[in-house]
Amino acid sequence: MTTAVIGTPAAHRSPTSRHAIVDTHNDLLMLVVKRPRDRWGEYFRENWLPQLRAGGVGVQVLSIYVDHKLVGEAALREMLRMIEAAHVIAEENPDTVQVCTNRAEIDEAGRHGRIALVLAIEGCGAFAPHLELLGQAHRLGVRMISLVHMGRNAFADASDEDHANGGLTTLGREALQTIESLGIIFDISHLSTAGVDDVLEHATRPIIASHSSARALRDHHRNLTDHPIRAIATQGGLICVNFMASFLATASANISHLADHVEHIRDTAGIDHVGIGPD
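Every value quoted in this text rests on a predicted model; they were computed, and no experiment measured them. (Residues numbered from 1 in each chain as written. Predicted model: local features only at pLDDT ≥ 70, side-chain atom pairs only at ≥ 80, totals over all residues. Heavy atoms only, no water.)

**Some points on the pattern of salt bridges**
Move 1: In the structure shown here, the tally under the stated rule is 9 salt bridges.
Move 2: Connected through shared salt-bridge partners, R39, E42 and E46 make up one network. (Salt bridge = Lys/Arg side-chain N within 4 Å of Asp/Glu carboxyl O.)

**Considerations on the confidence of the model for the protein chain**
Move 1: In this model, the protein chain carries a mean pLDDT of 92, and residues with pLDDT of at least 70 account for 93%.
Move 2: Under a pLDDT of 50 for its full length, residues 1–17 has, in the predicted model, 38 contacts with residues more than four places off or in other chains. (pLDDT = per-residue confidence, 0-100. Contact = heavy atoms within 4.5 Å.)

**Focus on empty space enclosed by the protein**
Move 1: Counted under the stated rule, the structure contains 1 cavity of 30 Å³ or more.
Move 2: The computed volume of the largest cavity comes to approximately 40 Å³.
Move 3: Surrounding the largest cavity, T24, H25, S63, A120, I121, E122, M144, S146, D187, S210 and H211 form its lining.
Move 4: At the level of elements, β1 (21–26), β4 (115–122) and β5 (142–146) are the ones that each hand at least two residues to the lining of the largest cavity.
Move 5: When residues in the lining of the largest cavity are grouped by element, the largest group, 3 residues, is from β4.
Move 6: Across the lining of the largest cavity, the residue classes break down as 3 nonpolar, 6 polar and 2 charged. (1 Å grid on protein atoms, 1.4 Å probe; cavity = no way out; pocket = protein on both sides within 12 Å on 5 of 7 lines; lining within 4 Å. Points joined across faces, edges and corners; volume = space filled by probe spheres on them. Helix = DSSP H or I, 4+ residues; strand = E, 2+ residues; numbered from the N terminus. Nonpolar A, V, L, I, M, F, W, Y, C, P; charged D, E, K, R; others polar.)

**With respect to the environment of A203**
Move 1: Following the sequence through the fold, A203 ends up in the loop between α8 (193–202) and β7 (208–209).
Move 2: Distance in space between the C-alpha atoms of A203 and L176 is 7.3 Å, their sequence separation being 27 residues.
Move 3: Aside from chain neighbours lying at most four places away, what touches A203 is L176, E180 and Q235.

**Thoughts on the pairing of β5**
Move 1: Counting buried positions along β5 gives 5 out of 5 residues, so the element sits mostly inside the fold.
Move 2: Across 4 bridges, the pairing between β4 and β5 is parallel. Across the sheet, residue E122 finds its bridge partner in β5, namely S146.
Move 3: For the handedness criterion, the β-α-β arrangement of β4, helix α6 (residues 132–139) and β5 is classed as right-handed.
Move 4: For β5 and strand β6 (residues 185–186), the ladder comprises 2 bridges, and the chain directions are parallel. Residue pairing for β6: M144 is matched across the bridge by I185.
Move 5: In this view, the connection linking β5 to its parallel neighbour β6 by way of helix α7 (residues 170–182) has right-handed handedness. (Buried < 20%, exposed > 50% of the residue type's maximum accessible area, 1.4 Å probe, protein only. Pairing = 2+ DSSP bridges. Right-handed = clockwise from strand over helix to strand, strands pointing away.)

Below, the structure is given as structure tokens:
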């Protein structure tokens, strides 16, 4: 199973990206920073690099996820540690991985046989209300952002708050504009249904669902109904299937259930708009 480099129409794919597997969501940084600083590069090299190589991954989006128990400045510090960890991993494994911030760098990494690492923030409640911190994240290499993880923050409601029918706040809409102006990809995975609708109404650039499956096949709040799947595709974006068992079937999920979700999103959105975000 392959997918193109994030957001790239089929007609514009380069030979180096055409056969690259792009994984749009991996939480490995959360495990890296549990190790001592002087083991970050080694831990990645010994535990994660073999898996990525075996899977044929050419582009790995690294999620910067902070446990909900950490808030405010504590959450911000943990985010910065994860960003630093990604850069340390690349510095200590220069022949195999490269932190990339644009398409040219991704293509360069592929030409040299390196895995492109792309940084993504999953939930940026710790930034509120200081939107200028989004610019700082961009300077540090972040190229994908979701406003929420679980619950509610100053930007929006998450999908587990659907019963409240809350979408983007005023600050959330300002954040969407700022994220787009910085050239950062906006990720709607984890957003509430009303929040997804708000983004689809106000976004001016293609968006991504980095790790969401099809609600038509599994009625889970983290999955997308067919309407936003079609709308994301119409706006040039991507829906990337989540591999977690609870998002695929009510019980005993297997590879056939995963394939069903891939095929449903392909049939609903079109082949150029389905990807993989294993989570």
